[in-house]
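Single-letter residue listing:
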Amino acid sequence: MRRPFVAGNWKMFKTVAEARALMVELLPGLMAIQGVEIVVCPPFTSILPVAAALEGTSICVGAQNMHWEESGAYTGEISPTMIAEFCKYVIIGHSERRAYFGETNLTVNRKVRAAITYGLNPILCVGETLSENEAGLTQEIVIQQLKEGLDGIDFTSIASPIIAYEPVWAIGTGRAATSEDANHVIGDIIRRELGQIFGDNLAQEVRILYGGSVKATNAGEFFSQVDIDGALVGGASLKPFEFIPIVKAAVG
Ligand code: PGA
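Here's a quick rundown of the structure.

Cut-offs used in this document
Residues numbered from 1 in each chain as written. Predicted model: local features only at pLDDT ≥ 70, side-chain atom pairs only at ≥ 80, totals over all residues. Heavy atoms only, no water. Helix = DSSP H or I, 4+ residues; strand = E, 2+ residues; numbered from the N terminus. Polar contact = N/O pair within 3.5 Å; in protein donor to acceptor, adjacent residues only side chain to side chain. Contact = heavy atoms within 4.5 Å. Near = heavy atom within 4 Å. Areas by Shrake-Rupley, 256 points an atom, 1.4 Å probe, with all protein chains shown as cover. Nonpolar A, V, L, I, M, F, W, Y, C, P; charged D, E, K, R; others polar. Salt bridge = Lys/Arg side-chain N within 4 Å of Asp/Glu carboxyl O. Buried < 20%, exposed > 50% of the residue type's maximum accessible area, 1.4 Å probe, protein only. Phe/Tyr/Trp six-rings, centres within 6.5 Å; stacked < 30°, edge-to-face > 60°. Lys NZ or Arg CZ within 6 Å of the ring centre and 35° of its normal. Pairing = 2+ DSSP bridges. Axes fitted to C-alpha atoms, helices over the stretch in contact; angles between N-to-C directions. Core = buried A, V, L, I, M, F, W, Y, C linked by side-chain atoms within 4.5 Å.

Here Glu-128 shows up in the loop between β5 (121–126) and α6 (130–134). Within the local environment of Glu-128, its side chain forms a polar contact with the side chain of Tyr-165, the two groups lying 2.9 Å apart. A distance of 2.9 Å separates polar atoms of two side chains, one belonging to Glu-128 and the other to Trp-169. When residues no more than four places from it in sequence are discounted, the contact partners of Glu-128 are Asn-133, Thr-138, Ile-141, Val-142, Tyr-165, Pro-167, Val-168 and Trp-169.

Here it is in structure tokens:
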């Protein structure tokens, strides 16, 4: 049985003061929910205060990105060791990083390798753009992202590897994939490909999330699908009245 998993990706929102205030609103509701792994991914500047707010709870902190080198002359970057002081998870290859910051499957691969080296669990994001979807290329693109992103990686050395299927056209648009389509990509394409690369036993253990316009009103539909193990939530993770019910829905 794969334990349900819900991560909130705060993106570039919330100052430290705002992050603290949001945690005060979120914590009572989240702490009352059992049976789901919860991760909060604030911007770098709020990782420390959010980690402090979560101390003594089972809720984890994640980062939204990182560099692959341990240290060096990389102005503006944050290293895996810096993140590993506070975080258990790190989002890698989010489509916004691929679209706006030049990330490729190659840099994604370096980051996944670095995450493993420094004991972080990668939340590897894959997903097709609207034009790729309309051209019928979803399977091809997602498989290529997995093959190249995971090239040479020993998945068995990761405690909790997570994959997030996030169709780019569904992110922040209010236009979520249907739960059937998401389950098809996750089960028949992603889990099957993981089976090809790592063997079926491991593929059955890896938790695969859906992301893209998940809300309190549609979360239950996604979580009722057999291959969808949770969600990567963007906009709705900043709203307690959305995020808390989404996490609850993951328990079933
Ligand atoms: P969204 O974003 O929930 O706002 O669509 C999801 C994500 O980018 O991870």
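Glancing now at the site of the ligand. Taken together, 13 residues surround the ligand, and among them Lys-11, His-94, Glu-166, Gly-172 and Ser-213 come closest. Glu-166 is positioned such that a nitrogen or oxygen atom in its side chain is 2.7 Å from an oxygen atom of the ligand. Gly-234 places a polar main-chain atom, nitrogen or oxygen, 2.8 Å from an oxygen atom of the ligand. In the complex, 95% of the free accessible area of the ligand, which totals 280 Å², lies under the protein chains. Considering only residue class, the shell around the ligand consists of 4 nonpolar, 7 polar and 2 charged.

For the rest of this paragraph, the subject is the pattern of salt bridges. Summed over all chains, the structure comprises 10 salt bridges. The salt bridge partner of Asp-227 is Arg-2, with a shortest N-O separation of 4.0 Å. Of this pair, Asp-227 sits in the loop between α10 (219–223) and β8 (230–233) while Arg-2 sits in the segment before β1 (5–9); the two residues are 225 residues apart in sequence, bridging distant segments of the chain. We classify Asp-227 as buried; its relative accessible area is 15%. For Arg-2, a relative accessible area of 18% translates into the label buried. For Arg-207, the salt bridge identified is with Glu-37, shortest N-O distance 2.9 Å. Separated by 170 residues along the polypeptide, Arg-207 in strand β7 (residues 207–211) and Glu-37 in strand β2 (residues 37–41) bring together distant segments of the chain. In terms of burial, Arg-207 and Glu-37 fall into one category: buried.

Next up on the list: the packing of aromatic side chains. In the structure shown here, the tally under the stated rule is 5 aromatic pairs. Arranged with centres 6.4 Å apart and planes meeting at 85°, the rings of Tyr-100 and Phe-101 form a pair that is edge-to-face. With respect to class, Tyr-100 is no different from Phe-101; both count as exposed. Taken together through their ring pairs, the aromatic side chains of Tyr-165, Tyr-210 and Phe-222 make up a single cluster. Sitting over the ring of Trp-68, Arg-110 keeps its end group 5.0 Å from the ring centre.

Attention shifts here to the environment of Val-108. Along the polypeptide, Val-108 turns up in helix α5 (residues 105–117). For Val-108, a relative accessible area of 0% corresponds to the buried category. Separated by 55 residues in sequence, Val-108 and Ile-163 place their C-alpha atoms 13 Å apart. Ignoring sequence-local partners within four residues, the contact set of Val-108 consists of Ile-92, Gly-93, Arg-98, Glu-103, Leu-124 and Gly-149.

On to the sheet that holds β5. Reading around the circumference, β1-β2-β3-β4-β5-β6-β7-β8 is the order of the 8 strands in this closed barrel, with parallel pairing throughout. Along the sheet, successive strands turn relative to each other by an average axial angle of 25°, direction set aside. The pairing of β2 with strand β3 (residues 60–63) spans 2 bridges and is classified as parallel. Among the inter-strand pairings, Val-39 is bridged to a residue of β3, identified as Cys-60. Strands in contact with helix α2 (residues 44–54) are β2 and β3; relative to β3, the strand with the most contacts, it is inclined by about 170°.

Val-6, Trp-10, Leu-150, Ile-163, Ile-190 and Tyr-210 are the most contacted members of the largest nonpolar core, which has 69 residues in total. The contact partners of Leu-150, leaving out residues within four places of it in the chain, are Asn-109, Val-112, Leu-124, Gln-145, Phe-155, Ile-163, Leu-194 and Phe-198. Judged by nonpolar contacts, the second largest core, of 13 residues, contains Phe-5, Cys-125, Ile-162 and Ala-164.

This part is about the pairing of β8. Residues Gly-230 and Leu-232 line one face of β8 and the alternating positions Ala-231 and Val-233 line the opposite face, and both faces are buried. Inspection of the sheet shows β1 paired to β8 by 4 bridges, in the parallel sense. Residue Val-6 lies in a different strand from β8, and its bridge partner there is Ala-231. Of the strand pairs in this sheet, β7 and β8 are connected by 2 bridges, and their pairing is parallel. Bridge assignment links Tyr-210 to a residue of β8, and that residue is Ala-231.

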